[in-house]
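Observations on the three-dimensional arrangement
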Amino acid sequence: MIETYSQPSPRSVATGPPVSMKIFMYLLTVFLITQMIVSALFAVYLHRRLDKIEDERNLHEDFVFMKTIQRCNKGEGPLSLLNCEEIRSQFEGFVKAIRSLKLRHMS
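The following refers to the structure shown. Being a predicted model, the structure only gives us computed values, none of them experimental. (Residues numbered from 1 in each chain as written. Predicted model: local features only at pLDDT ≥ 70, side-chain atom pairs only at ≥ 80, totals over all residues. Heavy atoms only, no water.)

Considering a nonpolar patch on the surface
Let me state the cut-off plainly: A residue counts toward a patch only above 30% relative accessible area and without a salt bridge, and it is joined to like-charged neighbours within 9 Å or, for Val, Leu, Ile, Met, Phe, Trp and Tyr, to nonpolar neighbours within 5 Å. Only the protein chains shown count as covering a residue, and every accessible area follows the Shrake-Rupley method with a 1.4 Å probe. Here, a salt bridge means any Lys or Arg side-chain nitrogen found within 4 Å of an Asp or Glu carboxyl oxygen. Helix and strand assignments come from DSSP, with helices taken as H or I runs of at least 4 residues and strands as E runs of at least 2, each series counted from the N terminus. The buried label applies to any residue whose accessible area, calculated with a 1.4 Å probe on protein chains only, is under 20% of its type's maximum; exposed applies above 50%, and partly exposed to all values in between.
A contiguous nonpolar surface patch, about 590 Å² in accessible area, is contributed by Met21, Phe24, Met25, Leu28, Phe31 and Leu32. By the element assignment, leucine 32 lies in helix H1 (residues 19-59). The class for leucine 32 is partly exposed, based on a relative accessible area of 46%.

Quick look at the nonpolar core
To be explicit about the condition: Definition used in this section: a nonpolar core is a set of buried Ala, Val, Leu, Ile, Met, Phe, Trp, Tyr and Cys residues joined via side-chain atoms within 4.5 Å.
Phe65, Ile69, Cys72, Cys84 and Ile87 together form the largest nonpolar core, which totals 5 residues. Counting only elements with at least two residues in this core, the list comes to helix H2 (61-74) and helix H3 (81-106). Counting residues per element, this core draws most heavily on H2, at 3 residues.

Here it is in structure tokens:
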């Protein structure tokens with residue numbers, strides 16, 4: 001007997017994502033890892049920069065204090081009047097202390 005029934009050839013089933021999807025996922029992964037590394041390096045840079053600025057400010061406290069007094073006298077900046085009065089009273093206290101030291105030294 002001749003069999004007329006033939007089995008259909010099996011269709012190929014995709015076992016994984018297509019190549020274009022693999023490339024896209026690879027590029028996305030590389031981009032995200034690069035973004036994380038760059039963000040971490042920028043955070044370290046910013047932290048070091050802020051530390052350096054803080055150190056410079058601490059070295060020049062007298063200069064910053066004098067600038068603040070000038071801004072209080074001119075009425076510039078976001079300083080409140082209460083803050084300005086406190087700063088002026090501190091400055092007057094420093095001047096009085098220096099004068100009293102000079103007078104003691106001269107006597």
